[in-house]
Amino acid sequence: MTSQINIPFKDLSLVDSHLIQAKLEFLRDQSPSDASIQAEFSKDKNFFKGFIKIKSLSGSFSAEARSSTVQDLTSQLGASLEAQLNNWRSDRFAELTNIHSLQHYFKKVKTALVVDDDADMVRFISTQLKKLKGRVETSGDSYDALEHLRSKSYDLVIMDWS
């Protein structure tokens, strides 16, 4: 993931800055692997304003909020973006739930390697393939996958494209 977190912390205390940074790091970990994050926070009279945008080839997610405390502001922004990211993840998994309709294509597959940097996606795909009675190994990145491929042969390799 390309982290492009730009935050002008003017008018924010050190504690508030750390709270915002922690929320952004959490959102970065929940975002698509190619995502970049832009964030702006400021104080306007008695209110804090915040805007976070997550951009990815998979889609864009954004939230804007205003609150009297940074804690409430980060909660509002986080809740909105977490809901958007959860919907994206659910939609992404929904496309794969029909794997059993492809069962006849996988009858000869005895071994498979699943490669993706999204741990949830690896877990989901490997669980579905294991239901088809094959041996499934996983890898979180292309370098590790190459090591697997150098040492063993597989009937099927499923890789994340981005």
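Residues numbered from 1 in each chain as written. Predicted model: local features only at pLDDT ≥ 70, side-chain atom pairs only at ≥ 80, totals over all residues. Heavy atoms only, no water.

### Describing the environment of Met 121
Piece 1. Summarising the element assignment, Met 121 is placed in helix α3 (residues 119-131).
Piece 2. Residues Met 121 and Arg 92 lie 29 residues apart in sequence; the distance between their C-alpha atoms is 8.7 Å. (Helix = DSSP H or I, 4+ residues; strand = E, 2+ residues; numbered from the N terminus.)

### Remarks on the pairing of strand β2 (residues 47-56)
Piece 1. Burial along β2 is one-sided: Phe 48, Gly 50, Ile 52, Ile 54 and Ser 56 are buried, and none of Phe 47, Lys 49, Phe 51, Lys 53 and Lys 55, which face the opposite way, are.
Piece 2. Where strand β1 (residues 36-44) meets β2, nine bridges bridge the pair, whose relative direction is antiparallel. Within β2, the residue paired with Ser 36 across the bridge is Lys 55.
Piece 3. Direction of pairing for β2 relative to strand β3 (residues 59-67): antiparallel, over a ladder of nine bridges. Paired with Lys 55 across the bridge in β3 is Ser 60.
Piece 4. What sits between the antiparallel neighbours β2 and β3 is a turn of two residues. (Buried < 20%, exposed > 50% of the residue type's maximum accessible area, 1.4 Å probe, protein only. Pairing = 2+ DSSP bridges.)

### Description of the sheet that holds β3
Piece 1. The three strands lie next to each other as β1-β2-β3, forming an open sheet whose pairing is antiparallel. Where the open sheet ends on each side, the last strands, each with one partner, are β1 and β3. For this sheet, the mean angle separating the axes of adjacent strands, direction not counted, is 5°.
Piece 2. Docked against the sheet, helix α1 (residues 14-30) engages β1 and β2, running at close to 155° with respect to β1. (Axes fitted to C-alpha atoms, helices over the stretch in contact; angles between N-to-C directions. Contact = heavy atoms within 4.5 Å.)

### Considering α3
Piece 1. An ideal rise of 1.5 Å per residue puts 18 Å on 13 residues; α3 measures up with 18 Å between its terminal C-alpha atoms.
Piece 2. Buried residues of α3: Met 121, Val 122, Phe 124, Ile 125, Ser 126, Gln 128 and Leu 129, and no others.
Piece 3. Taking the backbone nitrogen of Asp 120 as reference, a side-chain oxygen 3.0 Å away marks Asp 118 as the first, capping residue of α3.
Piece 4. The first or second residue beyond α3 is Lys 133, which carries a positive phi of 75°. (Expected span 1.5 Å × (residues − 1). Polar contact = N/O pair within 3.5 Å; in protein donor to acceptor, adjacent residues only side chain to side chain.)

### Re the nonpolar core
Piece 1. Counting 20 residues, the largest nonpolar core has Phe 41, Ile 52, Ile 54, Leu 77 and Leu 81 as its most contacted members.
Piece 2. At the level of elements, α1, β1, β2, β3 and α2 (70-94) are the ones that each hand at least two residues to this core.
Piece 3. Counting residues per element, this core draws most heavily on α2, which supplies six residues.
Piece 4. Ala 112, Met 121, Leu 129 and Leu 156 belong to the second-largest nonpolar core, a separate cluster that totals eleven residues. (Core = buried A, V, L, I, M, F, W, Y, C linked by side-chain atoms within 4.5 Å.)

### Looking at the packing of aromatic side chains
Piece 1. Tallied over the entire structure, the rule returns one aromatic pair.
Piece 2. Here Phe 61 and Trp 88 contribute two aromatic rings whose centre-to-centre distance is 6.2 Å and whose plane-to-plane angle is 70°, an arrangement assigned as edge-to-face. With Phe 61 in strand β3 and Trp 88 in helix α2, this residue pair connects regions lying 27 residues apart in the sequence.
Piece 3. Residue class for Trp 88 comes out buried when judged on its relative accessible area of 11%.
Piece 4. Against the face of Phe 47 rests Arg 66, its NZ or CZ located 4.1 Å from the ring centre. (Phe/Tyr/Trp six-rings, centres within 6.5 Å; stacked < 30°, edge-to-face > 60°. Lys NZ or Arg CZ within 6 Å of the ring centre and 35° of its normal.)

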